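Each chain, written out:
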Amino acid sequence: MKRLSILGSTGSIGKNTLEVISSHPDRFGVAALAARNNIEELESQVRAFKPDVVAVLDESAARALRERGLPVDVLAGGQGIVEAAVLDSVDMVVSAIAGSAGLVPTHAAIQAGKDIALATKETLVMAGDIIMSEASEKGVSIIPVDSEHSAVFQCLDGRDMNEVERLVLTASGGAFLRSSISELESVTPSDALKHPNWDMGRKITVDSATLMNKGLEVIEACRLFNMPPEKVDVILHPQSIIHSMVEFIDGSIIAQMSVPDMKGPIAYALSYPGRLGGVLPPLNLAGIGELTFEKPDRNKYPALSLTYEALRAGGTMPCVLNAANEIAVEAFLEERIPFTGITGVVSDTMAEHRSVKAGSIEEVLKVSEWAKRKAKEIIGIDVA
Ligand code: MG
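Being a predicted model, the structure only gives us computed values, none of them experimental.

Engineer: Even after reading the chapter, I still don't get the overall build of the protein chain, so can you show me in this structure?
Structural biologist: The secondary structure content of the protein chain amounts to 17 helices and 11 strands. Relative to a compact globule of 384 residues, whose C-alpha radius of gyration would be 21 Å, the protein chain shows 20 Å and is just as compact. The principal-axis extent of the C-alpha atoms belonging to the protein chain is close to 55 × 55 × 40 Å. Burial statistics for the protein chain: of 384 residues in total, 56% are counted as buried. Sequence-distant contacts in the protein chain: of pairs separated by 6 or more residues, those separated by 24 or more amount to 69%. Element-wise, carbon and sulfur atoms account for 47% of the exposed surface of the protein chain, whose accessible area totals about 16100 Å². Side-chain charges in the protein chain split into 36 positive and 51 negative, and the spacing between the mean points of these groups amounts to 1 Å.

Engineer: So what exactly am I meant to see when it comes to the pattern of salt bridges here?
Structural biologist: Two side chains of opposite charge can pair, provided their charged atoms sit close to one another. All chains considered together, the criterion is met by 20 salt bridges. As a salt-bridge pair, Lys214 and Glu217 come within 2.7 Å of each other at their nearest N and O atoms. Here Lys214 and its partner Glu217 are both found in helix H11 (residues 212–224), 3 residues apart, which amounts to about one turn of the helix. Judged by relative accessible area, Lys214 falls into the buried class, the value being 5%. We note a salt bridge from Arg336 to Glu334, for which the minimum N-O separation is 3.1 Å. According to the relative accessible area criterion, Arg336 is partly exposed, its value standing at 48%.

Engineer: What am I meant to see in the sheet that holds strand S3 (residues 53–56) here?
Structural biologist: To summarise the sheet geometry, strands pair through backbone hydrogen bonds and adopt either a parallel or an antiparallel arrangement. Sheet architecture is open: 7 strands sit in the order S4-S3-S2-S1-S5-S6-S7, paired in parallel fashion. Each edge of the open sheet is held by one strand with a lone partner, namely strand S4 (73–76) and strand S7 (142–144). Averaged over all pairs of adjacent strands, the angle between strand axes in this sheet comes to 20 degrees, irrespective of strand direction. Taken together, the 4 bridges between strand S5 (residues 92–95) and strand S6 (residues 115–118) define a ladder with parallel strand orientation. What sits directly across from Val94, in S6, is Ala117.

Engineer: What is the right way to read the nonpolar core from this model?
Structural biologist: Nonpolar side chains tend toward joint burial in soluble globular proteins. Residues Ile142, Leu167, Phe225, Leu270, Leu321 and Phe339 are the most contacted members of the largest nonpolar core, which totals 127 residues. For this core, the element with the highest residue contribution is helix H15 (residues 317–333), accounting for 12 residues. Ignoring anything within four residues of it in the chain, the contact list for Leu321 reads Met212, Leu216, Ile219, Leu306, Thr307, Ala310, Val346 and Met350.

Engineer: I'm lost on the environment of Arg312 in this one. Help?
Structural biologist: By the secondary structure assignment, Arg312 is in helix H14 (residues 302–313). We classify Arg312 as exposed; its relative accessible area is 65%. Along the primary structure Arg312 and Glu362 are separated by 50 residues, whereas in three dimensions their C-alpha atoms are 23 Å apart.

Engineer: Sorry, what's going on with the sheet that holds strand S9 (residues 232–236) here?
Structural biologist: In spatial order, the strands read S9-S8-S10-S11; together these 4 strands make up an open sheet with mixed pairing. Strands at the two margins of the open sheet, each flanked by one partner only, are S9 and strand S11 (253–257). Taken pair by pair, the neighbouring strands of this sheet meet at an average axis angle of 20 degrees, ignoring direction. Note that strand S8 (residues 164–171) and S9 share 5 bridges and pair parallel. Across the sheet, the residue bridging to Leu167 is Val232, located in S9. Contacts between helix H7 (residues 147–156) and the sheet are confined to S8, strand S10 (242–248) and S11, with S10 contributing the most and set at about 40 degrees to the helix.

Engineer: Whenever I open this one, the coordination of the magnesium ion confuses me. Can you help?
Structural biologist: Any two of four tetrahedral donors ideally make an angle of 109.5 degrees at the metal, while pairs among six octahedral donors ideally make 90 or 180 degrees. Around the magnesium ion, the donor atoms from the protein are Asp146 (OD), Glu148 (OE) and Glu217 (OE), and they sit 2.1 to 2.3 Å away. For the magnesium ion, the donor residues sit on a single chain with the sequence spacing D-x1-E-x68-E. Residue Glu148 is located in helix H7, and its partner Glu217 is located in helix H11; the two are separated by 69 residues in the primary sequence. According to the relative accessible area criterion, Glu148 is buried, its value standing at 6%. Glu217 gets classed as buried once you look at its relative accessible area, which sits at 1%.

Engineer: Please explain the domain arrangement of the protein chain as it appears in this structure.
Structural biologist: Annotation of the protein chain at the domain level lists domain 1 (2–144) and domain 2 (179–210 + 297–384). The gap between the C-alpha centroids of domain 1 and domain 2 is 26 Å. Counting from both sides, the interface comprises 13 residues of domain 1 and, opposite them, 16 residues of domain 2. With both sides pooled, the region where domain 1 packs onto domain 2 buries about 1000 Å², and carbon together with sulfur makes up 65% of that total. In terms of surface lost to domain 2, no three residues of domain 1 exceed Val125, Met126 and Ile130, which account for 44% of the buried area on that side.

The rules behind these values
Residues numbered from 1 in each chain as written. Predicted model: local features only at pLDDT ≥ 70, side-chain atom pairs only at ≥ 80, totals over all residues. Heavy atoms only, no water. Helix = DSSP H or I, 4+ residues; strand = E, 2+ residues; numbered from the N terminus. Rg over C-alpha atoms; globule rule 2.2 N^0.38 Å. Buried < 20%, exposed > 50% of the residue type's maximum accessible area, 1.4 Å probe, protein only. Contact = heavy atoms within 4.5 Å. Areas by Shrake-Rupley, 256 points an atom, 1.4 Å probe, with all protein chains shown as cover. Lys, Arg positive; Asp, Glu negative; His and termini not counted. Charge placed at Lys NZ, Arg CZ, Asp CG, Glu CD. Salt bridge = Lys/Arg side-chain N within 4 Å of Asp/Glu carboxyl O. Pairing = 2+ DSSP bridges. Axes fitted to C-alpha atoms, helices over the stretch in contact; angles between N-to-C directions. Core = buried A, V, L, I, M, F, W, Y, C linked by side-chain atoms within 4.5 Å. Donors = N, O, S within 2.8 Å, 3.2 Å for Na, K, Ca; no water. Domains from an automatic or database assignment. Buried area = accessible area lost by both parts, 1.4 Å probe.

Below you can see the structure in the form of C-alpha cells.
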C-alpha cells in the first residue's frame, strides 16, 4: 500500500485526490493531511481517512482543531506542514498547497527522499533549477499532476528525449476566449471567475483568463522536461479534451485526451507507471464532434510574451514574474486594478529586477518577497 501525505488537502486538488484514494482503498492510505485553515473540512477528512498526523498552517486554527479532540496529532505552522511532508511512514507527497507556501515543504520532502506528485506549478517556476537537481541527486521522482504536464509525461513515457522536437501545451483560453481586447478593459472579477471547462480555485481561474497560467506552465514544462523555451509552444484548444501533445522529430504528434477532470492526472501520478480503473468516464468523441485549435494572440495575451522573456532572462526572473502576478491577481480580485492591468504590474516589476542565479531556497524566497513588495508599490498598495 502506498502511504500519502497530502499537502493542501482541503483545496480542489486535495479533495479530488481523496476521492481517487477512497475508490482504491486497497492501494492507497493517508499518512498525513495538511491545510491552511479550513478545519471544518479537515475534521471530516480526518474522520474519513484516519491519518497519523494533520498539519494546519494557521496556528490559531490548529489550536481550535486540537480542542476538538480528534484521534490524531495536530501539528501547527509552516514547520508543522514540513513535518507532515517528511514523516517516515510517507511514500509519496501530493504537493498541492498553492502559491509560494508550497515551496518549502515540497523542498523538504525531496530532501527526505519522498517521491512527489506535483500539483503546484509555483514550486518549479520559483526554484526549478534547485528542485530538479536535488530531486535527481536524491533519486526522487517528480510526477506532474498539472493536466498539461501529466499529458506530456504520458506521451513521453519511456521515449528518447533526443527524438522530441517540441512540446505543445494546450490552453482553453479561459473565460474571455471570445472577448475583444477592448472588452477586456472592463471585465470584472466575477466575469473572470467563470471558467468554461475546469472547476478550480480563484487565483488559477484568473490566471487562465490572462493565460498567465499557461505561461507558468511553459516555465514548469521547461524545468520538468529539461526543454529550452523555444521548444515549448502553446496552442488554444477551447474544448480542453487534448491536454497536451509531444511532437517528435519524424513529424508525428502524440496527444493525450480525456474528459477534463483533475482526477485523471491525479490518479496517473498516484499509480504511475500503472493505471487505475474507474477514475474517469470514457471520452465520448462522437458526442464532442470536433476538436479545434487556434494560435493565441500575443497582443491579447501579453502574459505569454512575458513568460518567454522571463525564461530568456533565466535565474530569478521567473520567480519575480510569479510573485508579481500573485499580487496583481489579488489586486484585480479586490478591484484595485483592471483585468488588463495585471500583466502591466508583472512587466513593470520584472523591469525593476536584475536576474541572478539563486543558490538556495532561502534566496528564492527573498527574491519572491522583494517582488511582492515591488508589485504592491507599483499598484500603490501601502507596504509599510
Ligand atoms: Mg494546467
